[in-house]
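# Chains, contacts and geometry: an overview
Chain by chain, the residues:
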Amino acid sequence: METYAMALSYAIPGFMVLILTEYLISLWKKIPVNEAMDTISSLSSGMTDTLRSLTGLAVIIISYQWMVDHIALIEIQSSIWLYILTFIGLDFAGYWSHRFNHTINLFWNRHIVHHSSEEFNLACALRQSISAIISIYFFLYIPLALIGVPAKIIALVAPIHLFAQFWYHTRLIGKMGFLEHIIVTPSHHRVHHAINDEYLDKNYSQIFIFWDKLFGTFQEELPDKPPVYGVKKPVNTWNPFYINFMHAWGILKDAWRTKNWWDKIRIWYMPTGWRPDDVKEKYPIQIITDPYNRKKYKTESSLLLKIWSWTQLTATLALMYYLLISFGDLEFIQIINYSIFLGVSIFAYTSLMDRHIISLYAEGIKLGLGLYLITKESGWFGIDKLLNGATYIVMGYIIISLVFSIYFQLIERKNTIQAINDIKKTA
């Protein structure tokens, strides 16, 4: 895990530079690809996934190492071909796990966050799931285990395979000639993220597009059908914690409400979006049927709130980066406590972006937890060794965070509502 934390400490600055570069190019080309609150939500979702990874929050039913030890038929000697074979094997497993996530109702909850953005840009690539706690796709790695690919090779190649899926989440790159027949390109992946009927459940491949062509799920991007991004059932929130679990919560409510006992069982494993007839009639939900006329989710956001939201994101990202570079010096319980604090912080400011009153309660918990940790650790986890007096900066940030939330929720919003009411009276 320490190695993974170190890899992230190098990868994250690279991601940020590429996201900024995409934004600057979009300004130059006059192609809007970013919306402030959406981008903040995407980056915040990436941080929640990082925290899940660092805390080891995962249940592995059967480990890959166990499979290699018990079912390997041969032992492969290390060579460049071993790494290439491993990469292709991971990509094959990735195609099928991705396809299962899209086609089975419960499994969609593991992936919905990645599709939840109504934009398509490099930032949305970082919308990764924290709800996929249980590793259920171990069987897809059986071919690699049978031929004896060592677990240490998987551990090395897997992050490379994951990071290589970042670059094609963009609208600024058109079709790429002969590469369209070999690898997943931005054009292919724009199709995958679209909710147009022509594009639904297509292009599951992660690196090599030939899996889709082989298994009948390929769809080319059509010039007269511009992709519309998001999910058929809009999430209508900036809070990544809500997004990660809302689909499972919806299934649970439907399973409870339906009168049919068979439906209570099969709803979990039916095709994505399936609902019992009695529940569908009594509890209708918003589904986008006309993508081209859908309205994107927007919240009441003043310029000051947007600036403050960017400030919150920057502060939380800086604190998380300190966790990454200090990972090897911290005990497990310290990592857990630190991660919980950052999780509460993300929950608080994304709830404020939604203008939800729960943000105030979350900020109160954040303040109490932050002051407790500073007292317990005699400072902010040794940060004063890096920068003298940094603990006071962290403490000041925590206090100011609550003050600003009170202002936005209880003062600014009240004034805005009053102004709207005044306009209605004079209209």
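Residues numbered from 1 in each chain as written. Predicted model: local features only at pLDDT ≥ 70, side-chain atom pairs only at ≥ 80, totals over all residues. Heavy atoms only, no water.

## Points about the packing of helix α1 (residues 2-29) against helix α2 (residues 36-54)
Going by this rule: Helix axes use the C-alpha atoms of the stretch in contact, all axes being lines fitted to C-alpha atoms, and the angles between their N-to-C directions lie in the range 0 to 180 degrees. Secondary structure elements follow DSSP: runs of H or I no shorter than four residues count as helices, runs of E no shorter than two count as strands, and numbering proceeds from the N terminus. An angle below 35 degrees is treated as roughly parallel, one above 145 as roughly antiparallel, one from 65 to 115 as roughly perpendicular, and anything else as oblique. It only takes one pair of heavy atoms within 4.5 Å for two residues to be counted as in contact. Here the nonpolar group is Ala, Val, Leu, Ile, Met, Phe, Trp, Tyr, Cys and Pro; Asp, Glu, Lys and Arg are the charged ones; every other residue, Gly included, is treated as polar.
Relative to each other, α1 and α2 sit at 175 degrees, their axes nearing to 12 Å. Judged by the angle between their axes, α1 and α2 are roughly antiparallel. Two secondary-structure elements touch here, α1 through Y4, A5, L8, M16 and I19 and α2 through L43, T50, S53 and L54. Counted by class, the contact of α1 with α2 contains 7 nonpolar, 2 polar and no charged residues.

## A few points about the nonpolar core
The test is simple: Only buried residues count toward a nonpolar core. Its members are Ala, Val, Leu, Ile, Met, Phe, Trp, Tyr and Cys residues joined through side-chain atoms within 4.5 Å. Relative accessibility under 20% of the residue-type maximum defines a buried residue, over 50% an exposed one, and the middle range a partly exposed one, all with a 1.4 Å probe and only protein chains included.
If you look at the biggest cluster of nonpolar residues, it comprises 49 residues, and the most contacted ones within it are L319, Y338, L342 and W380. In contact with L342, other than residues within four places in its own chain, are L51, T316, L319, M320 and L323.

## What about a nonpolar patch on the surface?
Using the following cut-off: To count toward a patch, a residue needs a relative accessible area above 30% and no salt bridge. Like charges then connect within 9 Å, nonpolar side chains (Val, Leu, Ile, Met, Phe, Trp, Tyr) within 5 Å. The Shrake-Rupley method, run with a 1.4 Å probe sphere, supplies the accessible areas, and residue values consider only the shown protein chains as cover. Every case where a carboxyl oxygen of Asp or Glu lies within 4 Å of a side-chain nitrogen of Lys or Arg is listed as a salt bridge.
A contiguous nonpolar surface patch, about 640 Å² in accessible area, is contributed by L304, I357, Y361, I406, Y407, L410 and I411. With 4 residues, the top contributor of residues to the nonpolar patch is helix α17 (residues 390-426). Following the sequence through the fold, L304 ends up in helix α14 (residues 303-325).

## Observations concerning unusual backbone geometry
At N203, a residue that is not glycine, the phi angle is positive and equals roughly 55 degrees. For N203, the position within the fold is in the loop between α9 (186-193) and α10 (210-215). Backbone geometry places F381, a non-glycine residue, at a positive phi of 50 degrees. Looking at where F381 falls in the secondary structure, it is placed in the loop between α16 (358-376) and α17. Assessed through its relative accessible area of 5%, F381 is described here as buried.

## Here's the deal with the pattern of salt bridges
In the structure shown here, the tally under the stated rule is 14 salt bridges. Its salt-bridge partner being E119, residue R171 comes within 3.4 Å of it at the nearest N-O pair. Pair noted here: R171 is in the loop between α8 (151-163) and α9 and E119 is in the loop between α6 (112-115) and β2 (134-135), with a separation of 52 residues, a long-range link. Judged by its relative accessible area of 27%, R171 is partly exposed.

## Here's the deal with the packing of aromatic side chains
Put simply, the rule is: Stacked, tilted and edge-to-face are the three classes assigned to paired rings of Phe, Tyr and Trp, where Trp is represented by its six-membered ring and a pair needs centres within 6.5 Å; plane angles under 30 degrees give stacked, over 60 edge-to-face, the rest tilted. A ring is considered to have a charge above it if a Lys NZ or an Arg CZ atom is located within 6 Å of its centre and within 35 degrees of its normal.
Per the counting criterion, the structure on display carries 29 aromatic pairs. Pairing Y338 with F381 gives two aromatic rings, centres 4.8 Å apart and planes at 35 degrees, and the pair type is tilted. Placement of Y338 in helix α15 (residues 332-353) and of F381 in the loop between α16 and α17 is noted, with a sequence separation of 43 residues between them. According to the relative accessible area criterion, Y338 is buried, its value standing at 0%. With 5.3 Å between their ring centres and 65 degrees between their planes, Y407 and F408 make a pair best called edge-to-face. Above the plane of the ring of F218 lies K213, whose end atom (NZ or CZ) is 4.8 Å from the centre.

## Some points on the confidence of the model for the protein chain
Applicable threshold: As a per-residue measure, pLDDT reflects the predictor's confidence and takes values from 0 up to 100.
This prediction gives the protein chain a mean pLDDT of 93; 97% of its residues lie at or above 70. Between the elements of the protein chain, mean pLDDT differs from a low of 78, seen in strand β1 (residues 59-60), to a high of 98, seen in α9.

## Observations regarding the packing of α2 against α15
Defined as follows: The hand of a helix crossing depends on one turn: near helix anticlockwise from the far one by less than a right angle means left-handed, and clockwise means right-handed.
One can describe the packing of α2 onto α15 by two numbers: an axis separation of 10 Å at closest approach and a directional angle of 160 degrees. Compared by their axis directions, α2 and α15 come out roughly antiparallel. Crossing angle aside, the handedness with which α2 passes α15 is left-handed. Touching M37, I40, S41, S44, M47, T48, L51 and L54 of α2 are I335, S339, L342, G343, I346, Y349, T350 and M353, all from α15. Its residues assigned to classes, the contact of α2 with α15 comprises 10 nonpolar, 6 polar and no charged.

## Describing α1
One turn of the α-helix equals 3.6 residues, which is why residues spaced by three or four share an orientation. Under the convention used in this document: Every helix has an expected span of 1.5 Å times one less than the residues it contains.
When the terminal C-alpha atoms of α1 are compared, their 41 Å separation across 28 residues agrees well with the 40 Å that a helix rising 1.5 Å per residue should span. Of all the positions in α1, only A5, L8, S9, A11, I12, F15, I19, E22 and S26 are classed as buried. Here the buried face of α1 lies against α2, α8 and α14. Residue K30 follows α1 closely and has a positive phi angle near 60 degrees.

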